[in-house]
Amino acid sequence: MSTATRLDLTPARADAEPKPVPVTRRPPGRARRYPTRVRWLVRIASVATALGLWQWFTAADINVGIRFDRLPTLVELVRALGHHLTSAQYYLDIAQSLVRILTGFLLASVAGIAAGVAVARSRLLADLLQPLFEIVRPIPAIALVPVAILLFPTNEQGIVFITCTAAFFPILVSTRHAVHALPTVWEDAVRTMGGGRIRVLVSVVLPGSLPGVFGGLSVGMGVAWICVISAEMISGDFGVGYRTWHAYTIVDYPGVLVGMATIGVLGWSTSAAVELVGRRVTRWLPARLRTGTREAP
């Protein structure tokens, strides 16, 4: 046996020093994990700090380039929020905005997912539809308000159309990229077992693209809220956006900020609901690949 390949068969001595155990280091760029309770405490402290600074800046009439002396204090906002919470009109406006956003978002989800899969799976449809999509996609949805007024007989239909258009393109693009990113070996395996186009679509394309699809749905929900509020401010008769703009026209600044806070809570709640559904639907995936669970570095 050569020296290079000779094994060390010398028995270990009892008084021999133990070999140091290598320390496992966290990979670079990997986020540190904190307990859930600590994370919630940090989040609550962040919001409480922001509210405390708001009260301090506005109560002290601080003017350092930004005129906090013209904004209502936190106490005035709480008083205005209490007044809104006891008003039936406040809840009617929320219900009206939710009906508009959910109707437009559901229509955009169906159309966006179907169009995304179609242009990703068919070269003919991609050649026919993709140029039209790329021409219309850069146009802000809120710029379609004059077109909506001309096309639809009621403001309600026009607002739903604008909301649907706003959410459609993020869903379309995310779905298209998710389908293109699927490994070809998955489709080859199904076809080897005798599966046809429908089988590939049901067993490979739709399940495999779900994480990307729900990412687009989450983005689409946020964009839809931006446009539905803008449309309500321009041509609406009811809704949170209309009521916020109305408060501005009558110089009710606490009411304006209450409306803004309401929009933020509604947008966060609906986006969180979409992400929650996405995590439930993609539960079969590894945790790091599920929608909304990827940790930031």
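This structure is a prediction, so every number in the text was calculated from the model and none was measured.

Before going further, it helps to examine the nonpolar core. Counting residues in hydrophobic clusters, the biggest one holds 36 residues, and the most contacted among them are Phe105, Phe133, Ile162, Phe168, Leu172, Leu217 and Trp225. For this core, the element with the most residues is helix 9 (residues 210-235), which contributes 11 residues. If you look at the next biggest cluster of nonpolar residues, it comprises 8 residues, including Val117, Leu182, Val190 and Val205.

Turning to the side chain of Thr244, a few remarks are in order. When you line up the elements, Thr244 lands in helix 10 (residues 240-249). Other than its neighbours up to four places away in sequence, Thr244 contacts Met233, Val256, Gly259, Met260 and Ile263.

A separate point is the environment of Ile113. Among the structural elements, Ile113 can be located in helix 3 (residues 88-121). With a relative accessible area of 25%, Ile113 lands in the partly exposed category. Distance in space between the C-alpha atoms of Ile113 and Arg176 is 8.2 Å, their sequence separation being 63 residues. Setting aside anything within four residues of it in sequence, one finds Ile113 in contact with Ala108, Ile171, Thr175 and Val213.

Between helix 10 and helix 11 (residues 253-281), the shortest axis-to-axis distance is 7 Å and the interhelical angle comes to 160 degrees. Between helix 10 and helix 11, the angle falls in the class roughly antiparallel. When the axes of helix 10 and helix 11 are compared, the crossing they make is left-handed. For the pair helix 10 and helix 11, contact is made by Val240, Thr244, Ala247 and Tyr248 and by Tyr253, Gly255, Val256, Gly259, Met260, Thr262, Ile263 and Leu266, respectively. Class assignment of the residues belonging to the contact of helix 10 with helix 11 gives a composition of 8 nonpolar, 4 polar and no charged.

Right, let's get into the packing of helix 7 (residues 184-192) against helix 8 (residues 197-208). Between helix 7 and helix 8, the shortest axis-to-axis distance is 10 Å and the interhelical angle comes to 150 degrees. On the basis of the axis angle, helix 7 is roughly antiparallel to helix 8. Taken as a pair, helix 7 and helix 8 cross one another with a handedness that is right-handed. Here Trp186, Glu187, Val190 and Arg191 of helix 7 come into contact with helix 8, specifically with Arg197, Arg199, Val200, Val204 and Gly208. By residue class, the composition of the contact of helix 7 with helix 8 is 4 nonpolar, 1 polar and 4 charged.

On to the pattern of salt bridges, then. Overall, the coordinates contain 5 salt bridges when judged by the stated rule. For Asp93, the salt bridge is made with Arg243, and the minimal N-O distance between the two is 2.7 Å. Residue Asp93 is located in helix 3, and its partner Arg243 is located in helix 10; the two are separated by 150 residues in the primary sequence. In this structure, Arg176 engages Glu134 in a salt bridge whose closest nitrogen and oxygen atoms are separated by 3.5 Å. Of this pair, Arg176 sits in helix 6 (residues 155-180) while Glu134 sits in helix 4 (residues 123-136); the two residues are 42 residues apart in sequence, bridging distant segments of the chain. Accessibility expressed as a relative area gives 12% for Arg176, which makes it buried. Overlapping salt bridges bring together Arg100, Glu156 and Glu232 as one network.

What characterises a pair of aromatic rings is the spacing of the ring centres plus the angle enclosed by the ring planes. Scanning the model with the defined rule gives 8 aromatic pairs in all. Residues Tyr90 and Tyr91 carry aromatic rings whose centres are separated by 5.5 Å and whose planes lie at 80 degrees to one another, so their mutual orientation is edge-to-face. Tyr90 sits in the buried class, given a relative accessible area of 14%. For Tyr91, a relative accessible area of 44% puts it in the partly exposed group. Clustering of aromatic rings is evident, with ring pairs tying together Trp56, Phe57 and Phe68.

Basis of the calculations
Residues numbered from 1 in each chain as written. Predicted model: local features only at pLDDT ≥ 70, side-chain atom pairs only at ≥ 80, totals over all residues. Heavy atoms only, no water. Core = buried A, V, L, I, M, F, W, Y, C linked by side-chain atoms within 4.5 Å. Buried < 20%, exposed > 50% of the residue type's maximum accessible area, 1.4 Å probe, protein only. Helix = DSSP H or I, 4+ residues; strand = E, 2+ residues; numbered from the N terminus. Contact = heavy atoms within 4.5 Å. Axes fitted to C-alpha atoms, helices over the stretch in contact; angles between N-to-C directions. Parallel < 35°, antiparallel > 145°, perpendicular 65-115°, else oblique. Left-handed = near helix turned anticlockwise from the far one by under 90°. Nonpolar A, V, L, I, M, F, W, Y, C, P; charged D, E, K, R; others polar. Salt bridge = Lys/Arg side-chain N within 4 Å of Asp/Glu carboxyl O. Phe/Tyr/Trp six-rings, centres within 6.5 Å; stacked < 30°, edge-to-face > 60°.

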